[in-house]
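# Reading the structure
One letter stands for each residue in the lines below.
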Amino acid sequence: MAKEEGRKISMLTAYDYSTAKLMDEAGIDAILVGDSLGNTILGYEDTVSVTMEDMIHHGVAVARGAKTTMVVVDMPFMSYQTNEYDALVNAGRLMKEGRAGAVKLEGGRSVCPQIKAVTDAGIPVMAHLGLTPQSVNALGGNRVQGKSVEDARNIIEDALAVQEAGAFAVVLECIPAKLATLITKKLAIPTIGIGAGNGCDGQILVYQDMLGMFSGYVPKFVKKFADAGAIMKEAFADYKKEVADGTFPSEEHTFKIDDEVLGKLY
Ligand code: KIV
């Protein structure tokens, strides 16, 4: 196991076949089909409107591209919070129809019965604590979590509880680095950090963030590993120009026909 060997786990989000294929070829350890697709792909303000159909549609596309990389698919808002039965049925759909290798759900002690029910059915569950975007309205916005003694203790208790309930890993989002390190030391299962410092067992980023594909607000914890957004915009503008001035398509991108054949067409 990576944690026991001290090997850090690299995770990224992906939502489509070709991006998943590139990540698979780059040797990324695991891909999350995050419900962040509500923001990154569908243009919603938050993740609350994302449906099971959205997750299945994108999950199966990613699974086709990820030949060796493990694929985790997010359980969308209200697909598991209601009760264990709903959690089980919907996790099962994400496996059967969405081709997920594992599912992820947000929350601690309050969703432990669901984690237990789903893992007991043989479906691996990744938990998600700290800033949990599906509860953004209850958390009072996108802020760092676990800064007070009470909040930090709650996150620690939740982390121990989701491990006990059967989660195989836990995402720690937007919590102080020293708290994430403490939790990582307390847990036998790996912690995957996003905005949680480098003391976690692994890291995850939303791929459009790390590729610089958004021109709006980017959280402090995001490192831009490439400026793909600028490269794409420049390529789109070049294409527009070449179409407009007739330099694209040139001979090299054009199919030929024998003049003899052509002569018989008039
Ligand atoms: O939906 C998502 O992309 C996530 C990551 C930010 C962990 O849950």
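Report follows, based on the coordinates. Keep in mind that what you see is a predicted model, and the values were worked out from it rather than measured.

On to the packing of aromatic side chains. Within the structure shown, the criterion is met by 2 aromatic pairs. Between the aromatic rings of Tyr 15 and Tyr 207, the centroid separation amounts to 6.0 Å while the plane-to-plane angle is 35°, which identifies the pairing as tilted. Here Tyr 15 is found in the loop between strand 1 (9-13) and helix 2 (17-26), whereas its partner Tyr 207 is found in helix 10 (residues 207-210), with 192 residues between them in sequence. The same class applies to Tyr 15 as to Tyr 207, namely buried. The side chain of Lys 223 reaches across the aromatic face of Phe 225, ending 4.8 Å from its centre.

Before going further, it helps to examine the site of the ligand. Within the structure, the ligand sits among Thr 13, Leu 32, Gly 34, Asp 35, Ser 36, Asp 74, Lys 104, His 128, Val 171, Glu 173, Ile 194 and Val 206. In this structure, an oxygen atom belonging to the ligand sits 3.1 Å away from a side-chain N or O atom of Asp 35. Between the ligand and Asp 74 there is a distance of 3.1 Å, counted from an oxygen atom to a side-chain nitrogen or oxygen. When each cavity is represented as a set of grid points, the ligand is found to reside in the largest pocket. Residues of the shell around the ligand, tallied by class, amount to 4 nonpolar, 4 polar and 4 charged.

For the rest of this paragraph, the subject is helix 2. Buried residues of helix 2: Thr 19, Ala 20, Met 23 and Asp 24, and no others. Each buried residue of helix 2 sits inside an arc of 140° when the element is viewed along its axis, so together they form one side. In helix 2, those exposed residues whose orientation departs by more than 90 degrees from the buried face are Leu 22, Glu 25 and Ala 26. In the core, the buried residues of helix 2 are packed alongside strand 1, strand 2 (30-33), helix 4 (52-65) and helix 10.

Here we come to the sheet that holds strand 4 (residues 102-106). Taken together, the 8 strands give a closed barrel; going around it, the order is 1-2-3-4-5-6-7-8, and neighbouring strands pair in parallel fashion. Here the strands of the sheet are splayed against their neighbours by 25° on average, with no regard to which way each runs. Pairing between strand 1 and strand 8 (residues 202-205): 4 bridges, direction parallel. Residue pairing in the sheet places Leu 12 in a bridge with Leu 205 of strand 8.

Looking now at the layout of surface pockets. Space inside the largest pocket adds up to approximately 1,000 Å³. Along its surface, the largest pocket is lined by 41 residues, and Asn 142, Glu 173, Asp 209, Pro 219 and Phe 221 are the ones closest to its centre. Elements represented by at least two residues in the lining of the largest pocket include exactly helix 3 (37-40), strand 4, strand 6 (169-173) and strand 8. Tallied by class, residues from the lining of the largest pocket come to 20 nonpolar, 11 polar and 10 charged.

On to the pairing of strand 4, then. The side chains of a regular strand alternate between the sheet's two faces. Counting buried positions along strand 4 yields 5 of 5 residues, so the element is predominantly enclosed. The two faces of strand 4 match: Ala 102, Lys 104 and Glu 106 on one face and Val 103 and Leu 105 on the other face are all buried. Bridge analysis of strand 3 (residues 70-74) against strand 4 gives 3 bridges, and the strand direction is parallel. Note on strand 4: the bridge partner recorded for Val 72 is Ala 102. With helix 5 (residues 84-96) bridging strand 3 and its parallel neighbour strand 4, the resulting β-α-β unit is right-handed. Where the polypeptide runs from strand 4 across helix 6 (residues 112-120) and back to strand 5 (residues 125-130), its parallel neighbour, the crossover connection is right-handed.

Our focus in this paragraph is the environment of Phe 214. Relative to the assigned elements, Phe 214 resides in the loop between helix 10 and helix 11 (228-245). Sequence spacing of Phe 214 and Asp 227 is 13 residues, and the spatial spacing of their C-alpha atoms is 9.7 Å. Residue contacts for Phe 214: discarding those within four places in its chain leaves Thr 40, Gln 208 and Asp 209.

Next up on the list: the pattern of salt bridges. When charged atoms on two side chains of opposite charge get close, those side chains can pair. The full count for this structure, using the stated rule, is 13 salt bridges. Notably, a salt bridge pairs Asp 74 with Lys 104, separated by 2.8 Å at the nearest N-O pair. In this pair, Asp 74 sits in strand 3 while Lys 104 sits in strand 4, placing the two residues 30 residues apart along the sequence. Each of the two residues, Asp 74 as well as Lys 104, counts as buried.

Our next topic: the state of the cysteines. A full pass over the atoms with the stated rule returns 0 disulfides. No disulfide involves Cys 112; its sulfur sits 19 Å from the nearest other cysteine sulfur, which is in Cys 200. Here Cys 200 is not disulfide-linked; the sulfur of Cys 174 is the nearest cysteine sulfur, at 12 Å.

What counts, and where the lines are drawn
Residues numbered from 1 in each chain as written. Predicted model: local features only at pLDDT ≥ 70, side-chain atom pairs only at ≥ 80, totals over all residues. Heavy atoms only, no water. Phe/Tyr/Trp six-rings, centres within 6.5 Å; stacked < 30°, edge-to-face > 60°. Helix = DSSP H or I, 4+ residues; strand = E, 2+ residues; numbered from the N terminus. Buried < 20%, exposed > 50% of the residue type's maximum accessible area, 1.4 Å probe, protein only. Lys NZ or Arg CZ within 6 Å of the ring centre and 35° of its normal. Near = heavy atom within 4 Å. Polar contact = N/O pair within 3.5 Å; in protein donor to acceptor, adjacent residues only side chain to side chain. 1 Å grid on protein atoms, 1.4 Å probe; cavity = no way out; pocket = protein on both sides within 12 Å on 5 of 7 lines; lining within 4 Å. Sits in = over half its atoms within 2 Å of the grid points. Nonpolar A, V, L, I, M, F, W, Y, C, P; charged D, E, K, R; others polar. Arc of directions from axis to C-beta. Contact = heavy atoms within 4.5 Å. Pairing = 2+ DSSP bridges. Axes fitted to C-alpha atoms, helices over the stretch in contact; angles between N-to-C directions. Points joined across faces, edges and corners; volume = space filled by probe spheres on them. Right-handed = clockwise from strand over helix to strand, strands pointing away. Salt bridge = Lys/Arg side-chain N within 4 Å of Asp/Glu carboxyl O. Disulfide = S-S within 2.5 Å.

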